Amino acid sequence: MLTDHRAYATIPAADMNRAKSWYRDKLGLTPAMEDEMGCMYKLGGGTSFLLYPTPNAGKAPNTLLSFATDDVEAEVQDLRRHGVKFEDYDMPGLKTVNGIATMGQFHAAWFKDSEGNILAVGDEPN
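Draft legend 1. Representation of the side chain of Thr96 in the model. Relative to the helices and strands, Thr96 resides in strand E7 (residues 94–97). Looking at Thr96, its side chain comes within polar contact range of the side chain of Asp88, at 3.3 Å. Setting aside anything within four residues of it in sequence, one finds Thr96 in contact with Glu87, Asp88, Tyr89, Ala101 and Trp110.

This is the structure in structure tokens:
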């Protein structure tokens, strides 16, 4: 029933001003629209995400949003230059080296936003 619908992620923010500044300063993103419900960010390929105010930010132990790239290593280097700190993992099935995990033919790196939400940059599985 929903296979033909576009989808978007929703990301919680406990402090909207802090979060908007972080997304602008660290990721280079500005809201396409903004109202009392939050900020909608438009990205490549017609994708988007909503940053919305709630006290529940940073509580999900999983990745909320992944940014697709053709060159994970270059993106990680660029984001680091903008002050993004990457997570390191060393667990069965997932180990990062210099912030990047290799999982078969795919690569990914995870980082937290100003609100403690987990985001990622990685190869896009097709």
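Draft legend 2. Quick peek at the layout of surface pockets. Estimated volume of the largest pocket: approximately 580 Å³. Considering every element that reaches the lining of the largest pocket, the biggest residue donor is strand E5 (residues 63–68), with four residues. Of the residues in the lining of the largest pocket, the class split is 15 nonpolar, seven polar and five charged.

Draft legend 3. Quick peek at the packing of aromatic side chains. With the rule as written, the count across this model stands at seven aromatic pairs. With centroids separated by 5.6 Å and ring planes inclined at 85 degrees, the aromatic side chains of Tyr89 and Trp110 adopt a geometry described as edge-to-face. In this pair, Tyr89 is assigned in the loop between helix H2 (72–81) and strand E6 (90–91) and Trp110 in strand E9 (residues 106–112), connecting sequence segments 21 residues apart. With respect to class, Tyr89 is no different from Trp110; both count as buried.

Draft legend 4. Region of the structure containing unusual backbone geometry. Its identity is not glycine, yet Asn98 carries a phi of approximately 55 degrees, on the positive side. Relative to the helices and strands, Asn98 resides in the loop between E7 and strand E8 (100–103).

Draft legend 5. Quick look at the sheet that holds E7. Reading across from one edge, E5-E10-E9-E8-E7-E6 is the order of the six strands in this open sheet, with mixed pairing throughout. Where the open sheet ends on each side, the last strands, each with one partner, are E5 and E6. Summarising the sheet, E5 and strand E10 (residues 118–122) pair through five bridges and their orientation is parallel. Along E10, the bridge assignment pairs Thr63 with Ile118. Its contacts with the sheet place helix H1 (residues 16–27) against E5, E9 and E10, and it is angled at close to 135 degrees to E9. Set on the sheet, H2 makes contact with E8, E9 and E10; between it and E10 the angle comes to about 135 degrees.

Rules behind the numbers
- Residues numbered from 1 in each chain as written.
- Predicted model: local features only at pLDDT ≥ 70, side-chain atom pairs only at ≥ 80, totals over all residues.
- Heavy atoms only, no water.
- Helix = DSSP H or I, 4+ residues; strand = E, 2+ residues; numbered from the N terminus.
- Polar contact = N/O pair within 3.5 Å; in protein donor to acceptor, adjacent residues only side chain to side chain.
- Contact = heavy atoms within 4.5 Å.
- 1 Å grid on protein atoms, 1.4 Å probe; cavity = no way out; pocket = protein on both sides within 12 Å on 5 of 7 lines; lining within 4 Å.
- Points joined across faces, edges and corners; volume = space filled by probe spheres on them.
- Nonpolar A, V, L, I, M, F, W, Y, C, P; charged D, E, K, R; others polar.
- Phe/Tyr/Trp six-rings, centres within 6.5 Å; stacked < 30°, edge-to-face > 60°.
- Buried < 20%, exposed > 50% of the residue type's maximum accessible area, 1.4 Å probe, protein only.
- Pairing = 2+ DSSP bridges.
- Axes fitted to C-alpha atoms, helices over the stretch in contact; angles between N-to-C directions.

None of this, on its own, says anything about what the molecule does.
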